[in-house]
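What follows is each chain in one-letter form.
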Amino acid sequence: MMLLTLQAGVVGALGWRMRDLQIVQNEHFALLAEENRVNIRLIPPARGLILDRAGRLMAGNRQNYRISMVREQARDPEAVLARLATIIALPPEVQERVLKEMAGRPAFVPVAVAEHLSWEDVVRVSANAPVLPGVVPEVGLSRFYPDGPSTSHVVGYVGPVSESDLAKLEDPDPLLQIPRFQIGKTGIEAKLEADLRGEAGNQRIEVSAAGRVMRELGRVEGTPGKDLELTIDLELQNYAMRRMAGESAAAAVMDVTNGDILALASAPGFDANSFVFGIRTGEWNALLNDDHHPLNNKTITGTYPPGSTFKICMALAALEAGVVSPGDGVFCGGSTALGNRRFHCWKRGGHGRVDLRRSLSQSCDCYYYEMGRRLGPDRISAMAHVLGLGYAHELPIPAVATGNMPDAAWKKEKRKEPWTTGDSFNYGIGQGFTLASPLQLAVMTARVASGRAIKPRLVRRIDGVEVPVEPAEPLPVSERSLKAVRDGMYAVSQGGTAARSRIVDPAMTMAGKTGTSQVRIITAAERAAGVTANEQLPWNRRDHALFVCYAPYDNPKYAVAQIVEHGGGGSAVAAPIARDILLFALCGGLPPLEAYPPEQRKAIEEQRAAMGLAGTAPAGSDRA
């Protein structure tokens, strides 16, 4: 009886457990069985395109032919790789990398062997498939940049997701876990990654108990990333880069009516395509060791003493503060004494009596030493900020520079010292603690030209939807003061320091300001003996050359800020480049030779031939 009772209890327990598994928990275990049988894999979406203002491609996608290998199917991966190397380029270090990667993964998981192959390579591999077991030709999409170095600093580039990328995110997109998935690393590619990436699709596949793919059961395609249309004019961007070839330089071009950035050119550039699949060590070291710093975005992140271009801000501040009137004269004898120190004008013999118009046209330093003394740092800094200096403008590019427009409190906090009159003298000529980027100088010029607080804009449309232009408020500056400063800038190109770079076409007359900023200290002994010419100095000790301008003078459309690192004089080096870029913007292409001074037209033709450019735009043509 006891034995029968025990047996009945066991049978009852088994029956209860079977009922629980088959009836009560039926749905739960059915779901687990389905999940074991069917896997869902993410399908990367097509990355959004980046276009210029006319719809020309700046960053796109193209088919990427690649070769993968499955270790269990290859049986002898080392021998198969050796045979594959006789068909396509496969260096020994690549073969070692593939074997190492295979050893660290399950035998049925495919490993990428080669990417970015030509169609001819894929055909050769496919034709030899019988002797290449486990080798699988595949096709996907990869990023490419048609204009390479010309747009690299604006657009940026993509690269494989790294551990450091994932560490920065609290809740990373599952897409980022896909092996070799690429995301934006710099430029717009990085800053607008969320818009460009898109949303993943999925693929339902049947797998064996070991996880091996058996067949595809279904597929849902993803949503492509959004297409971005920038305000950049690709033709103008390319021309600016070619015009600055051989220099370490930067140019920013803005539409003064709405803030659209037409060009952000930083020379030299680098080929963004080199980073898509991993840049070679030799090329990377060459970029790092180049003294022209091709990896630096000089237009956005580069900051420089603005030199005499800052006199535009000084003149406006002095007029608005009432410390000078346009007709008031200041005597320049070649230097200004301050205690036992002398602050020199660039013109050794001095300019004599100088009013505001002549102070700008001849770039008299002594005039602005005096304005610095009268204004003091706080009023100078306030006007600088009104004109867009000392402020990091909101753009979809990483590391936009703030620059530096100091006041007395800044020096007290940063240097633990009080502000001095000597500091104000240096401030007055754009030296000392003063720093600005080419973009900020372009904003300053656009605001003076328009009289409005123009803000720079880089994205025009997102997926065809217009990005609204924020209305620009009038500057808190009188029209009388603006007119006096514009008149002085006009005089710069009409007999002033930039006379050789003038535009003679009356429909496109230019107003501007030259600048030269020192990167070394000139000793009293050197000044007494004669200042060493830039051409006689090592390249990295020469002055920076700057020029800002806008045109047409009486109906402003475009503003340009130009810097040539260690270029020497702004009037001799930066002004001709900026003038040419401004003319290209005004004409929507190469301008007619009649826009240039007659004595320069032959040299302009020769310059165009050397740049590989030919033809001219019709006289009077203009940008749409």
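Residues numbered from 1 in each chain as written. Predicted model: local features only at pLDDT ≥ 70, side-chain atom pairs only at ≥ 80, totals over all residues. Heavy atoms only, no water.

**Q** How should the overall build of the protein chain be read in this particular structure?
**A** Across its full length, the protein chain holds 24 helices and 21 strands. Taking 25 Å as the expected radius of gyration for a compact globule of 624 residues, we find that the protein chain reaches 33 Å, considerably beyond that expectation. Taken over the C-alpha atoms alone, the protein chain extends approximately 125 × 60 × 50 Å along its principal axes. Within the span of the protein chain, comprising 624 residues, buried residues form 49% of the whole. When contacts within the protein chain are restricted to residue pairs at least 6 apart in sequence, long-range pairs at least 24 apart make up 73% of them. Carbon and sulfur atoms make up 53% of the accessible area of the protein chain, which totals about 29000 Å². Counting 69 positive and 68 negative side-chain charges, the protein chain places the centres of these two groups 5 Å from one another. (Helix = DSSP H or I, 4+ residues; strand = E, 2+ residues; numbered from the N terminus. Rg over C-alpha atoms; globule rule 2.2 N^0.38 Å. Buried < 20%, exposed > 50% of the residue type's maximum accessible area, 1.4 Å probe, protein only. Contact = heavy atoms within 4.5 Å. Areas by Shrake-Rupley, 256 points an atom, 1.4 Å probe, with all protein chains shown as cover. Lys, Arg positive; Asp, Glu negative; His and termini not counted. Charge placed at Lys NZ, Arg CZ, Asp CG, Glu CD.)

**Q** Looking at this structure, I do not really get the packing of aromatic side chains. What am I missing?
**A** We describe a pair of aromatic rings using the distance from one ring centre to the other and the angle between the two ring planes. Overall, the coordinates contain 15 aromatic pairs when judged by the stated rule. Between Tyr367 and Tyr368 the ring centres are 4.9 Å apart and the planes differ by 65 degrees, which places this aromatic pair in the edge-to-face class. Take Tyr368: its relative accessible area is 0%, and that puts it in the buried class. With a centroid separation of 5.3 Å and 25 degrees between ring planes, the pair formed by Tyr369 and Phe425 is classed as stacked. Linking Tyr369 in helix H16 (residues 365-375) with Phe425 in helix H19 (residues 421-428), this pair joins segments that are 56 residues apart in sequence. (Phe/Tyr/Trp six-rings, centres within 6.5 Å; stacked < 30°, edge-to-face > 60°.)

**Q** Whenever I open this one, the side chain of Ser424 confuses me. Can you help?
**A** Structurally, Ser424 is set in helix H19. Owing to a relative accessible area of 4%, Ser424 belongs among the buried residues under this scheme. Excluding its chain neighbours within four sequence positions, the residues that come into contact with Ser424 are Gly372, Arg373, Gly376, Pro377 and Trp419.

**Q** What is the right way to look at helix H17 (residues 377-386) in this model?
**A** Working note: α-helix, 3.6 residues per turn, so residues spaced by three or four point in the same direction. Within H17, burial applies to Pro377, Ile380, Ser381, Met383 and Ala384. On an axial view of H17, the arc spanned by its buried residues comes to 165 degrees, and they lie on one face. Those residues of H17 hidden inside the fold are in contact with helix H14 (311-321), H16, helix H18 (408-414) and H19. At the exit of H17 stands Gly388, carrying a positive phi of roughly 90 degrees. (Arc of directions from axis to C-beta.)

**Q** Quick question: what am I supposed to make of the state of the cysteines here?
**A** In protein chemistry, a disulfide is the covalent bond that joins the sulfur atoms of two cysteines. If you walk through the whole model with that rule in mind, you get 0 disulfides. Cys364 supplies the cysteine sulfur nearest to Cys332, a cysteine that is in no disulfide, at a spacing of 3.6 Å. Judged by its relative accessible area of 1%, Cys332 falls in the buried class. (Disulfide = S-S within 2.5 Å.)

**Q** What am I meant to see in the packing of helix H4 (residues 77-84) against helix H5 (residues 92-103) here?
**A** Packed helices, taken two at a time, are described by the angle between their axes plus the distance between the axes. Across the interface, H4 lies against H5 with an axial gap of 11 Å and an inter-helix angle of 150 degrees. By the angle between their axes, H4 is roughly antiparallel relative to H5. The interaxial crossing formed by H4 with H5 has right-handed handedness. Along the contact surface, H4 presents Pro77, Glu78, Leu81 and Ala82, while H5 presents Gln95, Val98, Leu99 and Met102. (Axes fitted to C-alpha atoms, helices over the stretch in contact; angles between N-to-C directions. Parallel < 35°, antiparallel > 145°, perpendicular 65-115°, else oblique. Left-handed = near helix turned anticlockwise from the far one by under 90°.)

**Q** What am I meant to see in the confidence of the model for the protein chain here?
**A** Any region with low pLDDT has predicted coordinates that should not be read closely. Taken as a whole, the protein chain shows an average pLDDT of 89; of its residues, 92% reach a score of 70 or greater. Considering only residues more than four positions removed or in separate chains, one finds that residues 617-624, a stretch of pLDDT under 50, has 20 contacts. (pLDDT = per-residue confidence, 0-100.)

**Q** Hey, could you run me through the environment of Ser164 in this one?
**A** For Ser164, the position within the fold is in helix H8 (residues 163-167). Assessed through its relative accessible area of 43%, Ser164 is described here as partly exposed. Distance in space between the C-alpha atoms of Ser164 and Asn26 is 44 Å, their sequence separation being 138 residues.

**Q** Please explain a nonpolar patch on the surface as it appears in this structure.
**A** Residues Leu3, Leu6, Val10 and Leu14 make up a contiguous nonpolar surface patch of about 410 Å² in total accessible area. Turning to its location among the elements, Leu3 is positioned in helix H1 (residues 2-24). (Patch = residues over 30% accessible without salt bridge, like charges linked within 9 Å, V, L, I, M, F, W, Y side chains within 5 Å. Salt bridge = Lys/Arg side-chain N within 4 Å of Asp/Glu carboxyl O.)

**Q** Mind showing me how you'd approach the sheet that holds strand E21 (residues 558-564) here?
**A** To summarise the sheet geometry, strands pair through backbone hydrogen bonds and adopt either a parallel or an antiparallel arrangement. Reading across the sheet, the 5 strands line up as E12-E11-E21-E20-E19 and stay open at both edges, with antiparallel pairing between neighbours. Whereas interior strands pair on both sides, the edge strands pair on one side only; in this sheet they are strand E12 (261-267) and strand E19 (511-517). Shown here is a sheet whose adjacent strand axes are inclined to one another by a mean of 5 degrees, direction ignored. For strand E11 (residues 249-255) and E12, the ladder comprises 6 bridges, and the chain directions are antiparallel. (Pairing = 2+ DSSP bridges.)

**Q** What should I look at first to understand the packing of H14 against helix H21 (residues 479-493) in this one?
**A** At a closest axis distance of 9 Å, the pairing of H14 and H21 adopts a crossing angle of 150 degrees. Where H14 crosses over H21, the handedness of that crossing is right-handed. Facing Ile312, Ala315, Leu316, Leu319 and Glu320 of H14, the residues of H21 in contact are Ser481, Leu482, Ala484, Val485 and Met489. Taken together, the residues that form the contact of H14 with H21 break down as 8 nonpolar, 1 polar and 1 charged. (Nonpolar A, V, L, I, M, F, W, Y, C, P; charged D, E, K, R; others polar.)

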